[in-house]
Amino acid sequence: MKQAELTEAALAAFLDAFYARVRRDPLIGPVFARKIPDEAWPRHLATIRDFWSSVLLKTGRYKGNPFGRHLGIEGIDPVHFARWLGLFEETAREVFEPEIAGAIVERAHRIGDSLKAGLFFRPELRGVRA
């Protein structure tokens, strides 16, 4: 049954399902594996949950710099963002009712576009670190 409400529990379940797919994906799974060892995934997922909780539920729990964190990922390129967004959308539409999934996906696209612009189309920002 699809989630009809965006709650912390629903968001956590969605993110767990999504990142399980990411880790198995032949294109982006290896990028994540190079950066995040298996034993670091629980901590990484907690950070990701804080980020999306802040973005979608306005909790203010995330205090990091997503742009700076992505600068340190060697070999990342726009095709990886496209795959990440595709898996994100697919998972959101499976987990949430259409209206909620659409809002989450739209927000993910805006964040992804912003990250891509800074990482790939604004070389003067490449020296900014987290």
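Cut-off values and rules
All residue numbers here refer to positions counted from 1 along the written sequence of the relevant chain. Predicted model: local features are reported for residues with pLDDT of at least 70 only, side-chain atom pairs are reported and counted for 80 or more only, and whole-chain, interface and lining totals are derived from all residues. As a rule here, side-chain values come from all non-hydrogen atoms in the structure, and water together with hydrogens is ignored. Runs of E in the DSSP output that reach at least two residues are strands. Runs of H or I that reach at least four are helices, and both are numbered from the N terminus. Only protein chains enter the accessibility calculation, which uses a 1.4 Å probe; a residue is then buried when its area is under 20% of its type maximum, exposed when over 50%, and partly exposed in between. Contact definition: two residues touch when any of their heavy atoms are within 4.5 Å. As used in this record, nonpolar core signifies buried Ala, Val, Leu, Ile, Met, Phe, Trp, Tyr and Cys residues forming a set joined through side-chain atoms within 4.5 Å. We define a salt bridge as a contact between a side-chain nitrogen of Lys or Arg and a carboxyl oxygen of Asp or Glu at a distance within 4 Å. Interaxial angle, 0 to 180 degrees, is taken between N-to-C directions of lines fitted to C-alpha atoms, where a helix line uses only the stretch in contact. In this scheme, roughly parallel covers angles under 35 degrees and roughly antiparallel covers those over 145, while 65 to 115 is roughly perpendicular and the rest are oblique. Helix crossings get a hand from a simple test, with the near helix turned counterclockwise from the far one by less than a right angle marking a left-handed crossing and a clockwise turn marking a right-handed one. Throughout this entry, Asp, Glu, Lys and Arg are counted as charged residues, while Ala, Val, Leu, Ile, Met, Phe, Trp, Tyr, Cys and Pro are counted as nonpolar. The remaining residues, Gly among them, count as polar.

*Asks:* When you look at the side chain of Ser 53 in this model, what are you seeing that I'm missing?
*Replies:* Checked against the element boundaries, Ser 53 lands in helix α3 (residues 41-57). Residue classification places Ser 53 among the buried residues on the basis of a relative accessible area of 0%. Ser 53 has contacts with Glu 8, Leu 11, Lys 58, Thr 59 and Arg 61, leaving out every residue within four places of it along the chain.

*Asks:* What is the right way to read the nonpolar core from this model?
*Replies:* Of all hydrophobic cores here, the largest spans 30 residues; its most connected members are Phe 14, Tyr 19, Trp 52, Trp 84 and Phe 88. Those elements giving two or more residues to this core turn out to be α1 (8-24), α3, α5 (78-95) and α6 (98-120). In this structure, Phe 14 is in contact with Phe 88, Thr 91, Ala 92, Val 95, Phe 96 and Ile 104, ignoring residues within four places of it in sequence. Grouped together as the second largest cluster of nonpolar side chains are seven residues, Phe 67, Phe 81, Leu 115 and Leu 119 included.

*Asks:* Before we go on, may I ask you to explain the pattern of salt bridges in this structure?
*Replies:* Note that side chains of opposite charge can pair when their charged atoms are close. This model, assessed by the stated rule, comprises ten salt bridges. The salt bridge involving Arg 49 is made with Asp 16; its shortest N-O contact spans 2.5 Å. Of the two residues, Arg 49 is situated in helix α3 and Asp 16 in helix α1; the sequence distance between them amounts to 33 residues. Since its relative accessible area comes to 24%, Arg 49 is described here as partly exposed.

*Asks:* Whenever I open this one, the packing of α3 against α6 confuses me. Can you help?
*Replies:* Two elements in contact, α3 and α6, have axes separated by 11 Å at closest approach and are oriented at 110 degrees. Taken together, α3 and α6 sit at an angle that is classed as roughly perpendicular. When you trace α3 past α6, the crossing you get is right-handed. In this structure, α3 uses Phe 51, Trp 52, Val 55 and Leu 56 to contact α6, whose residues at the interface are Ile 104, Arg 107, Ala 108 and Ile 111. Of the residues assigned to the contact of α3 with α6, the class counts are seven nonpolar, no polar and one charged.

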